[in-house]
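# Residue-level structure breakdown
This is what each chain is made of:
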Amino acid sequence: MKSPLLSLPGAVPAEGPDEGVAAHYGDLFREQRELAAGRAFTDLSHRGVVTVTGPDRLAWLHLLLTQHVSELPAQQAAEALILSPNGHVEHALYLVDDGTTSWAHVEPGTQGELVAYLERMRFMYRVEVADATEQFAVVHLPAGHTAAAAGAAAVRELPWGRDLFLPRAELSEQVKEFGRPAGIWAYEALRIEAHRPRLGFETDHRTIPHEVDWLRTAVHLNKGCYRGQETVARVHNLGKPPRRLVFLHLDGTEEVLPPHGAEVHLASEPTGRAVGFVTSSARHHELGPIALALVKRNTPVDAELRAGGVPAAQDVVVAP
């Protein structure tokens, strides 16, 4: 879904999973600073939008998701996962309920598979599921942004800002009230700095929530049964996840960032077996080059690493 905001001055299209929106608008670090200061917005209109209506919607979603949503108050944001029977992460949903409709935005291109799964699970519940991506677009306003956003169909209020669900046909007009745009590269740099995982970046087909710190934000440990719950409970109560998320400070003398999937090695064994892989990387306006990586749990927390050949110091995100 190509955003109309790519016509804004200086817009350079993103590639890969974020294709369809701007990577940047000509000044990456200025855009980051403006976003961090609450004076810019980011176009996330490439993300999928799914809605659920009907009187049983919250009770029904509660049965399927890792989060406790059966009594979710109107306008309160929530984060939730759908797991495989073995507890591996399949979908990540960023939710809000407005009192009549549950809204969620998801990773670009995943909404079709998600809607198909939800439709299979409807049974006799009074719910209606819809892919609303063609009708609504997501825009992010950072914390401190003063725009009223009166034209939004729904708003997710977060500690770090607001996610707005805007009518897609009105997107170009609505954002005129939001100030300067900041591209997805600026948004991603701040996400990586905050250690927030992203489906398809910090995850692969084997990821369980414990490995990427989703146990803290997207999983309710005291709710009833849901698909994959046995794995969540067993690992939480009896064991440790096989891998853990780390934050990397990369050597700033290197000109190239290690890409997603680049192998991570112990600096003391640069030609040995990899201990993990880079999940996301960015150039931060204050911290310089940074990254997130998924490494084996037994990787020493004080070990110097090499990420795609780049020297890196690690900060613990998920404890070993």
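Preceding block: the structure.
First, a word on what this report is: a plain description of the structure on this page. All values reported here derive from a predicted model rather than from experimental measurement.

Helix and strand counts for the protein stand at 7 helices and 18 strands. Taking 20 Å as the expected radius of gyration for a compact globule of 320 residues, we find that the protein reaches 20 Å, a close match to that expectation. Dimensions of the protein, computed from the C-alpha atoms along their principal axes, are close to 60 × 50 × 30 Å. Expressed as a percentage of the 320 residues in the protein, the buried residues total 55%. Accessible area for the protein stands at about 14,100 Å²; split by element, carbon and sulfur atoms hold 52% of it. On the protein, the mean spot of the 30 positive side-chain charges and the mean spot of the 40 negative ones are 3 Å from each other.

Here we take up the sheet that holds strand β13 (residues 243-250). Spatial strand order, β13-β16-β15-β14-β17-β18: 6 strands in a closed barrel with antiparallel pairing. Shown here is a sheet whose adjacent strand axes are inclined to one another by a mean of 40°, direction ignored. In this structure, β13 lies alongside strand β18 (residues 310-316), joined through 5 bridges in antiparallel fashion. The partner of Val-246 across the bridge, within β18, is Val-316.

Time to look at the pattern of salt bridges. As enumerated under the stated definition, the model contains 18 salt bridges in all. A salt bridge links Glu-188 to Arg-191, with the shortest nitrogen-to-oxygen separation between them at 2.8 Å. Note that Glu-188 and Arg-191 are positioned in helix α5 (residues 184-193) at a spacing of 3 residues, about one turn of the helix. Note on accessibility: Glu-188 and Arg-191 belong to one class, buried. When the shortest N-O distance is used, the salt bridge between Arg-191 and Glu-202 registers 2.9 Å. Pair noted here: Arg-191 is in helix α5 and Glu-202 is in the loop between α5 and α6 (214-217), with a separation of 11 residues, a long-range link. As far as the burial class goes, Arg-191 and Glu-202 line up, both buried. Several salt bridges share partner residues, and in doing so they unite Asp-18, Arg-47, Glu-107, Glu-188, Arg-191, Arg-198 and Glu-202 into one network.

Attention shifts here to the environment of Ala-282. Structurally, the position occupied by Ala-282 is in strand β15 (residues 276-284). Its relative accessible area of 7% is what places Ala-282 among the buried residues. Sequence separation between Ala-282 and Trp-185 is 97 residues; the distance between their C-alpha atoms is 7.4 Å. If near-sequence neighbours (up to four positions away) are discounted, Ala-282 is found in contact with Ala-189, Ile-192, Leu-257, Gly-288, Pro-289 and Ile-290.

Applying the stated criterion across every chain yields a total of 3 aromatic pairs. Their ring planes at 85° and their centres at 4.9 Å tell us that Trp-103 and Phe-136 sit as a pair that is edge-to-face. Taken together, the residues Trp-103 in strand β7 (residues 101-106) and Phe-136 in strand β9 (residues 136-142) connect sequence positions 33 residues apart. The ring of Phe-201 carries Arg-191 above its face, with NZ or CZ at 5.9 Å from the centroid. Stacked on the ring of Trp-160, the Lys or Arg Arg-196 has its end atom at 4.2 Å from the ring centre.

So, on to a nonpolar patch on the surface. A cluster of nonpolar side chains, contributed by Leu-63, Phe-123, Met-124 and Tyr-125, occupies part of the molecular surface with about 490 Å² of accessible area. Inspection of the secondary structure puts Phe-123 in the loop between α3 (111-120) and β8 (128-131). For Phe-123, a relative accessible area of 60% translates into the label exposed.

Attention now moves to the environment of Ala-153. One can find Ala-153 in the loop between β9 and β10 (154-158). What makes Ala-153 partly exposed here is its relative accessible area of 33%. In this structure, the C-alpha to C-alpha distance between Ala-153 and Phe-136, residues 17 residues apart in sequence, is 8.4 Å. If sequence neighbours within four positions are ignored, Ala-153 has contacts with Asp-98, Trp-103, Phe-136 and Phe-165.

Reading guide: rules and limits
- Residues numbered from 1 in each chain as written.
- Predicted model: local features only at pLDDT ≥ 70, side-chain atom pairs only at ≥ 80, totals over all residues.
- Heavy atoms only, no water.
- Helix = DSSP H or I, 4+ residues; strand = E, 2+ residues; numbered from the N terminus.
- Rg over C-alpha atoms; globule rule 2.2 N^0.38 Å.
- Buried < 20%, exposed > 50% of the residue type's maximum accessible area, 1.4 Å probe, protein only.
- Areas by Shrake-Rupley, 256 points an atom, 1.4 Å probe, with all protein chains shown as cover.
- Lys, Arg positive; Asp, Glu negative; His and termini not counted.
- Charge placed at Lys NZ, Arg CZ, Asp CG, Glu CD.
- Pairing = 2+ DSSP bridges.
- Axes fitted to C-alpha atoms, helices over the stretch in contact; angles between N-to-C directions.
- Salt bridge = Lys/Arg side-chain N within 4 Å of Asp/Glu carboxyl O.
- Contact = heavy atoms within 4.5 Å.
- Phe/Tyr/Trp six-rings, centres within 6.5 Å; stacked < 30°, edge-to-face > 60°.
- Lys NZ or Arg CZ within 6 Å of the ring centre and 35° of its normal.
- Patch = residues over 30% accessible without salt bridge, like charges linked within 9 Å, V, L, I, M, F, W, Y side chains within 5 Å.

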